[in-house]
Amino acid sequence: MLQLERHGGVARVFLDRPDKANALHSPLLVRLADALERLAREEDLRAVVLGGRGRSFCGGADVAELGSLDGRTARPFIERVQRACAALRALPVPVVARLHGAVIGAGLELAAACDLRIAAHGTRFAMPEVRLGIPSVVEAALLPRLAGAGRSAWLVLTGEPVDAERACAWGLVESTCAPEALDRELDRLLASLLAADAAALRMQKALLQMWQEQPLSASVARSIELFCEACRLRALR
């Protein structure tokens, strides 16, 4: 259901329901959030990779559970989705999404909650919730920050898929490559991240998130504080 691999400072987390296109049901969502929250407390963590086993990254919310939701069960389920996305965003180190196959619905929300995204050619991205009688919610709110208002509206209002090349042009992913080169490109990116100073990288991750959420004046003020703190720590080494 969920696989966790650890090599040095890099943790690789894989959704592992390949027979269900790694569809997100409640047990998987809880295990994912629990694993990410544990990782966040590990001081030697340097980077996290989120991927999916089998032919797809994630086909979205589990259709059987999604179809069974009513006014009583909807909130607990969507809060599990949000908890998993929030746990990704709360990781104090860079998080890279390894994308292939299908990146659909809640799967695209997980990808949007990561810091960087690499997609294999042939990957398809879609937010089809309106076709199922529900709106796209929680971390779908990140899509306008990645792709802009109009392109995000196109995704969530039409439900139509886009390919990896268009997703990259729109800003949904940062890089695309041939499927056979996906792990090679991922390793190259991880090498760049690991070449950075560990403390400075954590500070930069925190600042990136603040720049998204806080007013400019608060972001600049906090940036100055962290710059001074980084210089202090560097002088002590």
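Structure shown above.
Residues numbered from 1 in each chain as written. Predicted model: local features only at pLDDT ≥ 70, side-chain atom pairs only at ≥ 80, totals over all residues. Heavy atoms only, no water.

Chemist: Run through the nonpolar core, naming residues and quoting values.
Modeler: The biggest cluster of nonpolar side chains holds 48 residues, and the ones touching the most others in it are V48, L88, L99, L110 and F125. At the level of elements, β2 (10–15), α1 (26–40), β3 (47–52), α3 (74–90), β4 (95–99), α4 (106–113), α5 (143–147) and α7 (164–170) are the ones that each hand at least two residues to this core. Not counting the four nearest positions on each side in its chain, L110 is found in contact with L15, L24, L32, L50, A84, C85 and L88. In this structure, A47, L186, L189 and L193 belong to the second largest nonpolar core, which totals 14 residues. (Core = buried A, V, L, I, M, F, W, Y, C linked by side-chain atoms within 4.5 Å. Buried < 20%, exposed > 50% of the residue type's maximum accessible area, 1.4 Å probe, protein only. Helix = DSSP H or I, 4+ residues; strand = E, 2+ residues; numbered from the N terminus. Contact = heavy atoms within 4.5 Å.)

Chemist: Go over unusual backbone geometry with me, naming the residues and quoting the values.
Modeler: For A21, which is not glycine, the phi dihedral falls at a positive 55 degrees. Turning to its location among the elements, A21 is positioned in the loop between β2 and α1. A21 sits in the partly exposed class, given a relative accessible area of 31%. If you check the backbone angles, N22 has positive phi at about 55 degrees while not being a glycine. Within the secondary structure layout, N22 lies in the loop between β2 and α1. Judged by relative accessible area, N22 falls into the buried class, the value being 0%.

Chemist: Any chance you could break down the sheet that holds strand β7 (residues 124–126) for me, citing the residues and the numbers?
Modeler: With respect to topology, three strands assemble into an open sheet ordered β5-β7-β8, the strand pairing being mixed. Where the open sheet ends on each side, the last strands, each with one partner, are β5 (102–104) and β8 (162–163). Sheet topology note: the β5/β7 ladder contains three bridges and is parallel. Residue pairing across strands places A102 opposite R124, the latter belonging to β7. Packed on one face of the sheet, α4 meets β5 and β7 and runs near 90 degrees to β5. (Pairing = 2+ DSSP bridges. Axes fitted to C-alpha atoms, helices over the stretch in contact; angles between N-to-C directions.)

Chemist: Explain the packing of aromatic side chains to me, using residue names and the numbers behind them.
Modeler: Counted under the stated rule, the structure contains one aromatic pair. Their ring planes at 85 degrees and their centres at 5.7 Å tell us that W154 and W170 sit as a pair that is edge-to-face. Of this pair, W154 sits in helix α6 (residues 149–158) while W170 is found in helix α7, placing the two residues 16 residues apart along the sequence. Among the residues examined, W154 registers a relative accessible area of 28% and is labelled partly exposed. The lysine or arginine in question, R53, covers the ring of F14, its NZ or CZ lying 3.7 Å from the ring centre. (Phe/Tyr/Trp six-rings, centres within 6.5 Å; stacked < 30°, edge-to-face > 60°. Lys NZ or Arg CZ within 6 Å of the ring centre and 35° of its normal.)

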